[in-house]
Amino acid sequence: TQSAKIGSLIEATSQESADPMANGDRIYEVRVLFGDRKLQHYRAYARALAEIVATTNSSKSVLLGIALREHSTESFRQVVAAVKERIGPIAEAAEEPEVVPPRP
């Protein structure tokens, strides 16, 4: 947050489409749990974060606490890039198969 307070609390989920014609596309749902429902850019942040989590093959939802004094496209891109940078190594480590040495 830019104001040291949680202005809005937003939940974002993703799931695979049940439509067989969707070719594995995902459906994203964003709900404002607390805060100003008119601030659409907050929804964009939550949706982007849910997309990042979904690329790690995780079914977890995102709970975002956010309060911004100013919003710009550049700040949005910086936040998304920073999250990708931090989640990327975790996702790569999780994909490596666990090697168990044979018992003697």
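Okay, so let's go over this structure. Source: prediction; values computed, not measured. (Residues numbered from 1 in each chain as written. Predicted model: local features only at pLDDT ≥ 70, side-chain atom pairs only at ≥ 80, totals over all residues. Heavy atoms only, no water.)

In this section: the overall build of the protein. Scanning the protein from terminus to terminus reveals 2 helices and 3 strands. Scanning the protein from its N terminus toward the C terminus, one meets helices and strands in the order β-β-α-β-α. Buried residues in the protein amount to 24% of all 104 residues. For the protein, the computed accessible surface area is about 7,800 Å², with 52% contributed by carbon and sulfur atoms. (Helix = DSSP H or I, 4+ residues; strand = E, 2+ residues; numbered from the N terminus. Buried < 20%, exposed > 50% of the residue type's maximum accessible area, 1.4 Å probe, protein only. Areas by Shrake-Rupley, 256 points an atom, 1.4 Å probe, with all protein chains shown as cover.)

With 15 residues, helix H1 (residues 40-54) extends 21 Å between its outermost C-alpha atoms, agreeing within 8% with the 21 Å of an ideal straight helix rising 1.5 Å per residue. Restricting attention to buried positions, one finds in H1 the residues Tyr42, Tyr45, Ala46, Ala48, Leu49, Ala50, Ile52, Val53 and Ala54. (Expected span 1.5 Å × (residues − 1).)

The next thing to look at is the sheet that holds strand S2 (residues 26-34). Reading across the sheet, the 3 strands line up as S2-S1-S3 and stay open at both edges, with antiparallel pairing between neighbours. Only two strands of the sheet have a single partner each, and these edge strands are S2 and strand S3 (62-66). Strand after strand, the sheet turns through a mean of 20° between neighbouring axes, direction not considered. Here 8 bridges tie strand S1 (residues 8-16) to S2, and the two strands are oriented antiparallel to one another. Within S2, the position partnered with Glu16 by the bridge is Arg26. (Pairing = 2+ DSSP bridges. Axes fitted to C-alpha atoms, helices over the stretch in contact; angles between N-to-C directions.)

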